[in-house]
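Summary of the model geometry
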Amino acid sequence: MARTRYLLLTQDPGLAAACSRELRAGSAEVIEVRDAGRLSALLDRGAGLVLVDLNLPDLSLQSIAEVLAEHRELPVVVLAAGSTAAWDELSRGSPLEQVVEVPVDGGQLTAAVSRLLERSRFLCENLVGNSEAIRTLREQILLVGPTPVTVLITGESGSGKDVVARALHHFSGRDDKPYKPINCAAIPENLLENELFGHERGAFTDARSQTRGIFEQAHQGTVFLDEIGEMARSAQVRLLRVLEERRVTRIGGDQSIEVDVRMLAASNKDLLSSVSRGEFRRDLYHRLKVVELYLPPLRERRADIPLLLEHFVQIYSRGQKDHSRFHGFTPRALDLLAEYDWPGNVRELRNLVEHLVFLGPAGRVDADDLLPHLEREPDLGVNLPVPTLKTPDQSERELIYFALLDLKREVADLRRTIEEGRETAVPRPLRPVYQVDADAVAGAASDLGEDDDGVLSSLKELERDAIARALEQVGNNRRKAAELLGIGERTLYRKLDKYGFK
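Residues numbered from 1 in each chain as written. Predicted model: local features only at pLDDT ≥ 70, side-chain atom pairs only at ≥ 80, totals over all residues. Heavy atoms only, no water.

Some words on the pattern of salt bridges
If you walk through the whole model with that rule in mind, you get 18 salt bridges. With its nearest N and O atoms 2.8 Å apart, the salt bridge here joins Arg 138 to Glu 73. Taken as a pair, Arg 138 in helix 6 (residues 132–144) and Glu 73 in the loop between helix 3 (58–68) and strand 4 (76–80) lie far apart in primary sequence, 65 residues in all. Lys 289 is the partner of Glu 292 in a salt bridge, and the nearest nitrogen-oxygen pair spans 3.3 Å. Judged by relative accessible area, Glu 292 falls into the partly exposed class, the value being 34%. Each of Glu 200, Glu 216 and Arg 250 takes part in a single network of salt bridges with overlapping partners. (Salt bridge = Lys/Arg side-chain N within 4 Å of Asp/Glu carboxyl O. Helix = DSSP H or I, 4+ residues; strand = E, 2+ residues; numbered from the N terminus. Buried < 20%, exposed > 50% of the residue type's maximum accessible area, 1.4 Å probe, protein only.)

Put into structure tokens, the structure is as follows:
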């Protein structure tokens, strides 16, 4: 097992020796860094944690703070012999940052490092992905988690709103206190208020004893109200009072009870539309939406699909190596999973992987094995590899030839338009290429070069123009542009890099 790398930034040999001795005893690799300018390069090579000696020169501390600001998911231990005011002005602060006093107490340092590493693992293992959307979400959780503000989590069903709620509780400073989730859509309307606020003995038939509600049970902890858009209006009124006064009254009671809870709510509905229809109270909506965290659907972060597949395979294959029939995915299966729209989002993906690990076909899973389990079938003719009896180079050349023909026609149309005195001209849209007649290809190849007026330029410029036009037609949607051009999405990304598209 690879050892975790720690970077120790200090110019104090005694402090370096004390920290290294303690951390290496835990099988960590400690790299001592005396020059703060090397930090960025060392982080690019990978590190599990950074220790910063506040006794470093001010310029070094400023440089370190700037670099760490770009790595907010990285745990940081601040080694301070006195006040941390100077560092507090430089650092944005983070739940993954902890101060340890110098001289170092071995037990205190080890406990701080263990806690920070556990928190970091929790965040990355529960919110899997490396897309910009997920990285931004993790950043927001780190910023909002330690605060007491109410958070509204929005996103489609199955996208992982409950995971975000647990992460917020984990980083709230209340993680050793109760966490009480409740699904407002799963409890009948006449029972929901009882679950939330509790009741006094004799409040209704069969109320033989006093019962505390969710808010009382979660005192000093967190309450997560999932699918809050389904909550009845009567319960909404009482919930608003809890949010504003932090007090609850049990059903059938007259005593107001103070509660200290962090409130989290989630909805897969557009609550603002529910407000306009009179289904949800406007004042409650604004009270819940102090901070809103949006969890994008899986189809908007397709780059995370391979990481999620690997994550769930590891979870369900654990302890099953001698019995599991699952041996991975074929390239065609991976392409299909990447192109599928995942209406059930991460939940659907997780359930599919669980089925395949335990009940899937022996050996590697192919695209045909997946189709019966998908809610709707992707466009296999465009998005999956099919036999065409052509090499990739031949297909790309066909794309270029036909793009050139379209461009030449557009130039001719524009020239005619100008000659006829028209003010505007509508360019002919590019069309995808699937099958090309060999004679047409040969004819297009013979037409390469300049036209009568030297309008067409080099082959590379023409290919770049074809790609630019396609992107413009589809609003810079790269997947649709690839379909329009009749090439694979990976091929398009390679050409975008080649021609310097941003």
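Examining the sheet that holds strand 3 (residues 49–53)
Spatial ordering of the open sheet is given by 2-1-3-4-5, a layout of 5 strands whose pairing is parallel. Two strands bound the open sheet, and with one partner strand each, they are strand 2 (29–33) and strand 5 (97–101). Within the sheet, the average angular offset between the axes of one strand and its neighbour, ignoring direction, is 20°. Inspection of the sheet shows strand 1 (residues 5–9) paired to strand 2 by 5 bridges, in the parallel sense. The residue bridging Leu 9 from the neighbouring strand is Val 33, located in strand 2. Against the sheet, helix 3 engages strand 1, strand 3 and strand 4, with an angle of about 160° to strand 3. (Pairing = 2+ DSSP bridges. Axes fitted to C-alpha atoms, helices over the stretch in contact; angles between N-to-C directions. Contact = heavy atoms within 4.5 Å.)

Considering helix 13 (residues 305–317)
Along its 13 residues, helix 13 runs 18 Å from first to last C-alpha, staying within 8% of the 18 Å computed at 1.5 Å per residue. Ile 305, Leu 308, Leu 309, His 311, Phe 312, Val 313, Tyr 316 and Ser 317 are the residues of helix 13 that are buried. Buried positions along helix 13 lie against helix 5 (106–126), strand 15 (326–329), helix 14 (331–339) and helix 15 (345–359). (Expected span 1.5 Å × (residues − 1).)

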